[in-house]
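# Fold and geometry: a report
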Amino acid sequence: MSSLKETLRQKIEEHRPRTTRLLKEHSDVKLGEVTIGQAIGGARGVRCLVTDTSYLDPMEGIRFRGKTIPETFAALPKEPGRDYPSVESFWYFILTGEIPTLEQAQEVEADFKKRAKVPEYVWDVLRALPEDSHPMAMFSSAIVAMQRESVFAKAYNEGLGKMDFWDPTYEDATNLLAKLPTIGAFIYRLKFKGGKIIDPDPNLDFGGNFAHMMGIDAPYDDVARMYFILHSDHESGNVSAHTIHLVASALSDPYYALSAGINGLAGPLHGLANENVLRWTQGFIEGLGGKEPTEDVIREALWDTLNSGQVIPGYGHAVLRKTDPRYMSQREFCLKNLPDYPLFKVISMIYQVAPGVLKEHGKAANPWPNVDAQSGVIQWYYGVTEYSFYTVLFGIGRAIGTLANITWDRALGYPIERPKSLTTAMLEEAAGIK
Ligand code: HAX
């Protein structure tokens, strides 16, 4: 058995008694009362999920397995000549909470390579879709088309016991994750590069192979590693992660669950915001007709968007109450690698102006930028200007944390999710207004 899977097995054995104890001895402890506002308002702030892969603090931002973004990047082993750790090393870390050695990370790399081949019928499915299909619809279709490969579904039908569910879930999660760079790059080249597909290079890691198949030179391999890790996990209350957790709770296998979560990520209030940031910004630049942008003109354009009833994409957040550290991490990358790039300058000017506009507007609880406000400029700089593809990149990253999370869901035997609904009349009665 691989050292990753063995470490994971040990972690599961150590963790299970904690969950059992909480349920047996402390089940009645109140975590807080759900209010009518929370019941109607998308369960905002209701403490009713358990996620050990990451935690999102409103002020500090994300921690993966207890580590901030800079701590994570610093702690994970890196191959010589690379600025960022491999996705494979991060997969080891997010699954087990342990920092792998370079050797252990390389073992995961070798394992991913064995699992990376995408079945031929997936290419037929993608080619059969209408030409104007959105890349996210293509991505979700490709994932669900592979459901017949599920090791979990087969094992379940053969009568596998509940405490062993995590094992085939882990197998599905790893098989699926290893294939995602090839599927993502295929969608990109099929849709935007005249169908000229670049075959995978079996010598490269997850990020390196993705850059190779996209047809983009270094340092895009390191950009890909950074991007996928940054987008991997945001605890499990967000729409994509929650959907994946919810669907998997019905014991739908990881193929069904991830495909469903990708559909949630495709919403403009969630992952599609990265596409919309670039659409908004490019529209704005075109509207300038060659004139230099100024803060006043940006302010006016932002107000036009708000006054027409639309949201400013890339700003605001349901949990965060400060600038998203994922935004800052990418901003630092831009300051180091592309400080004078005109598009980065416009994005930076929007950062100067938009929070003030949103504060004056007075609605958004958080006027600060989120991850999606900054990610597109990096892609654009390296030649990926087809912004309808951006959410697929996000989806490849999001798969890492969520697939780790549902492996743990099965390990700890979490039940089918089923919150209770009330009627509006019941709320009125509770409020004493009926
Ligand atoms: N522009 C304009 N209005 C905004 C806004 C923004 N960027 N952010 C919030 N608001 C508005 C809301 O639409 C809401 O208006 P109504 O009362 O009329 O419904 C009001 O402010 C209060 O909302 P909130 O409590 O601050 O925010 P929510 O938790 O309801 O929503 C969203 C959080 C991220 C969906 C929201 O901030 C938004 O729509 N932002 C723009 C889209 C975006 O960038 N989404 C990506 C978020 C990060 C992410 O998930 N990435 O994948």
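Before any of the text, the structure's been laid out above.
First, a word on scope: everything that follows refers to the structure included in this document.

### Focus: the side chain of Arg 331
- Following the sequence through the fold, Arg 331 ends up in helix α16 (residues 325–337).
- One buried charged residue, Arg 331, remains without a salt bridge, the closest side chain of opposite sign being Glu 332 at 7.5 Å.
- Polar side-chain contacts of Arg 331 include one of 3.0 Å to the side chain of Ser 348.
- What Arg 331 contacts, discounting residues up to four positions off in sequence, is Phe 344, Ser 348, Tyr 351 and Gln 374.

### Section: helix α7 (residues 135–145)
- Taken as a whole, α7 has its buried residues at Pro 135, Met 136, Met 138, Phe 139, Ser 140, Ala 142 and Ile 143.
- Where α7 is buried, its residues contact α6 (120–128), α9 (166–192), α13 (254–265) and α19 (390–411).

### What about the site of the ligand?
- Near the ligand lie 22 residues; those nearest to it are Gly 314, Tyr 315, Lys 363, Ala 365 and Asp 372.
- A distance of 2.7 Å is found between a nitrogen atom of the ligand and a backbone nitrogen or oxygen belonging to Tyr 315.
- Tallied by class, the residues present in the shell around the ligand amount to 13 nonpolar, six polar and three charged.

### Quick word on the pattern of salt bridges
- The final tally for this structure, using the stated rule, is 25 salt bridges.
- Through salt bridges with shared partners, a single network forms among Lys 5, Glu 6, Arg 9, Asp 111, Arg 115, Asp 167 and Glu 171.

### Considering the packing of helix α4 (residues 87–96) against α19
- Where α4 meets α19, the closest approach of the two axes is 9 Å, and the angle between their N-to-C directions is 30°. Handedness of the crossing formed by α4 with α19: right-handed. Side by side, α4 and α19 meet where Val 87, Phe 90, Trp 91, Ile 94 and Leu 95 of the first sit next to Ile 400, Leu 403, Ala 404, Thr 407 and Trp 408 of the second.
- Of the residues belonging to the contact of α4 with α19, the class tally is nine nonpolar, one polar and no charged.

### Regarding the packing of aromatic side chains
- Under the definition given, this model contains 21 aromatic pairs.
- For the ring pair Phe 90 and Phe 93, a centre distance of 6.1 Å and an interplane angle of 65° mean the geometry is edge-to-face. Here Phe 93 and Phe 90 lie together in helix α4, a separation of three residues that amounts to about one turn.
- For the ring pair Trp 280 and Phe 284, a centre distance of 5.6 Å and an interplane angle of 15° mean the geometry is stacked.

### Focus: the pairing of strand β1 (residues 54–57)
- Only one face of β1 is buried, namely the one carrying Ser 54 and Leu 56, since none of Tyr 55 and Asp 57 on the opposite face is buried.
- Pairing of β1 with strand β2 (residues 61–64), which is carried by four bridges, proceeds in the antiparallel orientation. Residue pairing for β2: Tyr 55 is matched across the bridge by Arg 63.
- Joining the antiparallel neighbours β1 and β2 is a turn of three residues.

### Some remarks on the layout of surface pockets
- If you add up the space inside the second largest pocket, you get close to 440 Å³.
- Lining the second largest pocket are 26 residues, with Ala 116, Thr 182, Pro 200, Asn 209 and Met 213 sitting closest to its centre.
- Elements supplying a minimum of two residues to the lining of the second largest pocket: α5 (102–115), α6, α9 and α10 (206–214).
- Along the lines of polarity and charge, the residues of the lining of the second largest pocket split into 15 nonpolar, two polar and nine charged.

### Digging into empty space enclosed by the protein
- Summed over all chains, the structure comprises five cavities of 30 Å³ or more.
- Approximately 100 Å³ is the volume found for the largest cavity.
- Surrounding the largest cavity, Val 277, Trp 280, Thr 281, Leu 302, Ile 312, Pro 313, Tyr 315, Tyr 327, Ile 347, Ile 350 and Ala 373 form its lining.
- Looking at the lining of the largest cavity, the elements with two or more residues in it are α14 (273–287) and α17 (342–361).
- With three residues, α14 is the single largest residue contributor to the lining of the largest cavity.
- In terms of residue class, the lining of the largest cavity is made up of ten nonpolar, one polar and no charged.

Parameters at a glance
- Residues numbered from 1 in each chain as written.
- Predicted model: local features only at pLDDT ≥ 70, side-chain atom pairs only at ≥ 80, totals over all residues.
- Heavy atoms only, no water.
- Helix = DSSP H or I, 4+ residues; strand = E, 2+ residues; numbered from the N terminus.
- Buried < 20%, exposed > 50% of the residue type's maximum accessible area, 1.4 Å probe, protein only.
- Lys, Arg positive; Asp, Glu negative; His and termini not counted.
- Salt bridge = Lys/Arg side-chain N within 4 Å of Asp/Glu carboxyl O.
- Polar contact = N/O pair within 3.5 Å; in protein donor to acceptor, adjacent residues only side chain to side chain.
- Contact = heavy atoms within 4.5 Å.
- Near = heavy atom within 4 Å.
- Nonpolar A, V, L, I, M, F, W, Y, C, P; charged D, E, K, R; others polar.
- Axes fitted to C-alpha atoms, helices over the stretch in contact; angles between N-to-C directions.
- Left-handed = near helix turned anticlockwise from the far one by under 90°.
- Phe/Tyr/Trp six-rings, centres within 6.5 Å; stacked < 30°, edge-to-face > 60°.
- Pairing = 2+ DSSP bridges.
- 1 Å grid on protein atoms, 1.4 Å probe; cavity = no way out; pocket = protein on both sides within 12 Å on 5 of 7 lines; lining within 4 Å.
- Points joined across faces, edges and corners; volume = space filled by probe spheres on them.

So, to be careful, I would describe these as geometric facts and stop short of saying anything about function.
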